[in-house]
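Chain and residue survey
Below, each chain spelled out in residue letters.
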Amino acid sequence: MSTPAIQHCNDFVIKFANVNGSGSASANELFARAIIRMGVPVAPRNIFPSNIQGLPTWYEVRVSEAGWLGARGGCDMMVAMNPQTWDRDVAAIEPGGYLFYDSTKPLPPSKFREDITVLGIPLTAMCNEEYEDARQRQLFKNIMYVGALIALLDMEFAAAEQLIVDRYRGKDQLIKANVNALRLGYDYAKQHLPCPIGLRVKRADAVGERIMIDGNSACGLGAVYGGATVAGWYPITPSTSVIEAFSSYCRKFRTDPDNGRARYAIVQAEDELASIGMVIGAGWNGARAFTATSGPGISLMQEFFGLAYFAEIPAVIVDVQRGSPSTGMPTRTQQSDLLSCAYASHGDTRHVLLFPQDAHECFSLTAQAFDLAERLQTPVFVLSDLDIGMNEQLCAPFEWDDSRRYDRGKLMTYAELEAGKDFGRYLDVDGDGIPYRTIPGTHPTKGAYFTRGTTRNPYAKYSEVGTDYVYNMERLRRKFNTAKDLVPAPILTKAAQPTHVGVIYYGSTAHAMAEAGAKLAADGIHVDTLRVRGFPFSDEVMQFIAERDAVFVVEQNESAQLRSLLINEGEIDPKKLVRVLHYDGSPITARFIAGKIADALTDRKISPIGQPQRKVAS
Amino acid sequence: MTYLAKPKLHSADAPRNALGYTRRDYEGAISTLCAGCGHDSISASIVQACFDLDIEPHKVAKLSGIGCSSKTPDYFLGNSHGFNSVHGRMPSVLTGAALANRNLLYLGVSGDGDSASIGIGQFAHAMRRGVNMTYIVENNGVYGLTKGQFSATADKGSKSKKGVINSDSPIDLASLALQLGATYVARSFSGDKEQLVPLIKGALRHGGPAFIDVISPCVTFNNHNGSTKSYDYVREHNAAVNRLDVILPKAQIEASYPPGSLRRVVQHDGSILHLRKVGVDYDPSDRIGAMNHLQERQALGEIVTGLLYVDSSGQDMHTHLNTVEKPLNQLGDAYLCPGSKALEALNATLR
Ligand SMILES: Cc1ncc(C[n+]2csc(CCOP(=O)(O)OP(=O)(O)O)c2C)c(N)n1
Ligand code: SF4
Ligand SMILES: [Mg+2]
């Protein structure tokens, strides 16, 4: 049977099947970055187990000149470097696709497929001949297959070579050795394989100024720019690299040039209770402090979130969401902590949440979180996830406005206290619900107060009187309303044609959603979309729902948490919000979203086209 | 319950310290604890120690967990910021506060339930980290606030007010502190201010992790026959190893002691600890010896008190972290934000 070989230029998915710990990661990254250097966007993703060495990992690179950065699904070419997963890797290739493998050891024909193109290179044999050292054989084997792929995909050898030069600048030996390995693979493929194959990369101009970085590094950098000086943390995948990045950017940017001392303090705590305790202690004492964690850590921190909420202490929590508990799917992505963060802790609490869509926003929203936390005197959560946190991605370059000053919020100063200004720690003086605070040590005789939960009056004196409690709760409600307009506004994308169907989504769903919108439009289905970027929801969000007949809520969890939050906060008729849920641990795809929305519209007999039916919001 | 403001009546001839403050300036709100509660005596000792040391009240941050003991920071140092935090988690909150501003004095107040039961983990790790603080446990062997259940420091075989015999082994926080790296470890009794006040003073001037276990009887739930934390029991079994005088660098007083009976320790900040020998030959610079002594005497039913261990060469958390001199909470934007140029340079490396 002859299935025609796939012919695609600048639009395909290539997957690398590797063994964890074999050093393939940096070679694979070299491959992805070489394509970017040719001006063609790529979206790389790691798929890895919760082990350090020996288990399978995959690295998927979606090449898309059109700029679609969400996961696509499927695989046009497999670089099968892991014998353990051979069978399923070969089976995963699309009909007409390509299989690249190490042909040192002959394999029986039953191990291959008829409908794909098989490309073998004796990588192990070549490495054994070239290198003495076992580790070198392993590492350069990876670089060698990148060289071969450059030939097969008709890529520019110089782009990869330049990357190596940039990466190892100053280390000439390393540059020479790597370029040599790259060349060996390239030459072999040129001589022995039918180069180029049907999948090709052609220079384009579709990358622009964009940078490639993972979201966790961006959060760490955002914390540096946001003025964080104290971090308390406890290691947990997929959040650990936030603190690792913070630490290395601090070493770079926050080491005092005069004496080499640190303008920051990072403490690895004994657990998440202690991490958040340190953050709250530092916030109480006037430093900008944060922690990074994931779902299990969020669970452990609950009591402290409640205290910080009621004692009104600034704190920033970066939650890189993953699948379920400790023995859940810690290395798989989800958006399943929304509710446990929004209403974290006991006793009528609600929290400010920010939803970055990519590394660019991981940077900007983390930096902003520190201003919001001090302005609102409350914990602020940055809800990232494994997909954007741990994968490098193309995003707009980071920006910083040098005229920007940190917003330290309502801090009463020595001078104001000295001048006799009335200080009530929990007093609403101007109607926004936000009281003034003093930092310990401000004034010898004025402005000190005893911090506790809620058993106190507006002047922070002990009180269990009901009216004092109610005053406080009503003020906190006003404060939360104030937050509505301070969190980043939602982003509305209007369909090309008028429609009364809307879609609400957030965070890492954004890339797949953009592509899904285009797919649907191509099929004549038009939807307006709204990307929420913060909680509490601004009025715009509720208006978007009110003005449409049906609104799909697309998210990556099983219990439709964003939908529940919208229903609860906006008193929305549940029938109006249609669930689109993806929660198998893999990143959501445009195919999935578009399919679900198209099916639901058919089932519900809703026509998306036509004039929106105006409804009066009640 | 409402807040009772304490009348600020300064009698003209009340003694004043070098800052011109009277003892009253170091007091707080009126205590709501049971009359006779040991914790109130500890509060009074803290007031006395701060007065004696000419400490500016607003340069102290007082932090506590939850319990009767943890309420007490409201009852002293009314001009200091205080934080009644979460049950068992004061050490982490204090650690964070200390990270933010290395220039304040940190006073942690906790109970035996707060530190030895729910908070044993945080207690241990704060000691390990070398947080510069004075950590006082007001140890009554019970949970006072929740009405008299045994805590983890209750002695095996001791009897509750309801007649229940405790069958679990006790945790000795002083021994733990010794093992975990505290560089100033003491034990005292709330009923012995003469011993307690100097121990608090030495701790406040120590400059590293200082821990004081103060046996502090709960008159309401644990002061009966069969309790090993009652006033009577502690008085009968108290075995002090030394008596401490704290001498500030500026003071020129040279007390005279019989030869061989005095040990002199100079702390980081120049304060001098004079340790007078009581009975036994005890070396407070010998950590292993201190641990052995505690174990031996405890086995005999004695409650060893005094300055059990001091190491004036210890380093604190900020030294380990190599943080700048200026408190982190006072660094301005220019010291913290690398700015747009640095960001553009970084962007360039990410293409
Ligand atoms: C998480 C949590 N669990 C339980 C309690 C209830 N609780 C309040 S104080 C206390 C025990 C306090 O004992 P201790 O620290 O010895 O203080 P004391 O009252 O004896 O001075 C308990 C169990 C609480 N406040 N928080
Ligand atoms: S219950 Fe016990 S510990 Fe609490 S105040 Fe009364 S005497 Fe003190
Ligand atoms: Mg107790």
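Residues numbered from 1 in each chain as written. Chains lettered and ligands numbered in written order. Predicted model: local features only at pLDDT ≥ 70, side-chain atom pairs only at ≥ 80, totals over all residues. Heavy atoms only, no water.

- An unreviewed UniProt entry lists chain B under the name 2-oxoglutarate ferredoxin oxidoreductase subunit beta, with Aromatoleum tolulyticum given as the organism.

- Naming follows an unreviewed UniProt entry, where chain A appears as 2-oxoglutarate ferredoxin oxidoreductase subunit alpha of Aromatoleum tolulyticum.

A word on the overall build of chain A
- The helix and strand inventory of chain A stands at 20 helices and 23 strands.
- The C-alpha atoms of chain A give 27 Å as radius of gyration, which agrees with the globular expectation for 618 residues (25 Å, within 12%).
- Viewed in the frame of its principal axes, chain A has a C-alpha envelope of about 85 × 70 × 45 Å.
- A total accessible area of about 23,000 Å² is found for chain A, and carbon and sulfur atoms account for 50% of it.
- When the 64 basic and 71 acidic side-chain charges of chain A are each reduced to a single mean position, those positions are 1 Å apart. (Helix = DSSP H or I, 4+ residues; strand = E, 2+ residues; numbered from the N terminus. Rg over C-alpha atoms; globule rule 2.2 N^0.38 Å. Areas by Shrake-Rupley, 256 points an atom, 1.4 Å probe, with all protein chains shown as cover. Lys, Arg positive; Asp, Glu negative; His and termini not counted. Charge placed at Lys NZ, Arg CZ, Asp CG, Glu CD.)

As for the packing of helix α17 (residues 510-522) of chain A against helix α20 (residues 590-603) of chain A
All names here are of chain A.
- For the pair α17 and α20, interaxial distance at closest approach is 8 Å and the crossing angle is 50 degrees. Comparing their axes, α20 and α17 come out oblique. As α17 runs across α20, the sense of the crossing is right-handed. Contacts between α17 and α20 involve A512, M513, E515, A516, K519 and L520 from the former and A590, R591, I593, A594, I597 and A598 from the latter.
- Grouping the constituent residues of the contact of α17 with α20 by class yields nine nonpolar, no polar and three charged. (Axes fitted to C-alpha atoms, helices over the stretch in contact; angles between N-to-C directions. Parallel < 35°, antiparallel > 145°, perpendicular 65-115°, else oblique. Left-handed = near helix turned anticlockwise from the far one by under 90°. Contact = heavy atoms within 4.5 Å. Nonpolar A, V, L, I, M, F, W, Y, C, P; charged D, E, K, R; others polar.)

Structural notes on the side chain of S175(B)
- Considering the arrangement of structural elements, one finds S175(B) in helix α6 (residues 173-180).
- S175(B) has contacts with M291(B), L294(B) and Q295(B), leaving out every residue within four places of it along the chain.

Observations regarding the pairing of strand β12 (residues 272-277) of chain B
All names here are of chain B.
- Where strand β10 (residues 242-247) lies against β12, six bridges are found, and the strand directions are antiparallel. Paired with I247 across the bridge in β12 is I272.
- Where strand β11 (residues 262-266) meets β12, five bridges bridge the pair, whose relative direction is antiparallel. Bridged to L262 within β12 is R276.
- Counted along the chain from β11 to the antiparallel partner β12, the turn is five residues long, and its residue G270 has a positive phi close to 90 degrees. (Pairing = 2+ DSSP bridges.)

Some words on the coordination of the magnesium ion (ligand 3)
- Within the protein, the magnesium ion (ligand 3) binds to D112(B) (OD), N140(B) (OD1) and V142(B) (O); these donor distances fall in the range 2.1 Å.
- Positions of the donor residues of the magnesium ion (ligand 3) along the chain correspond to the pattern D-x27-N-x1-V. (Donors = N, O, S within 2.8 Å, 3.2 Å for Na, K, Ca; no water.)

A short note on the site of ligand 1
- Neighbouring residues of ligand 1: 17 residues in total, closest C68(B), S69(B), G113(B), D114(B) and G144(B).
- Chains contributing residues near ligand 1 are chains A and B.
- Here an oxygen atom of ligand 1 sits 2.9 Å away from a polar atom, N or O, in the side chain of D112(B).
- G144(B) is positioned with one of its backbone polar atoms (N or O) 2.8 Å from an oxygen atom of ligand 1.
- A total of 590 Å² of accessible area belongs to ligand 1 in isolation, and the protein chains cover 77% of it. (Near = heavy atom within 4 Å. Polar contact = N/O pair within 3.5 Å; in protein donor to acceptor, adjacent residues only side chain to side chain.)

Observations concerning the sheet that holds strand β3 (residues 42-47) of chain A
Residue and element names in this part refer to chain A.
- Strands sit in the order β3-β4-β2-β5-β6-β7 across an open sheet of six strands; the sheet is mixed. With partners counted over all chains shown, the strands left at the sheet margins are β3 and β7 (117-121), one partner each. Sheet twist, expressed as the average angle between the axes of neighbouring strands with direction ignored, equals 15 degrees.
- One ladder, built from nine bridges, connects strand β2 (residues 11-19) with strand β4 (residues 56-64); its direction is antiparallel. Bridge pairing in β4 places V19 opposite P56.
- The strands that helix α1 (residues 24-37) touches are β2, β3 and β4; relative to β4, the one it contacts most, it runs at about 0 degrees.

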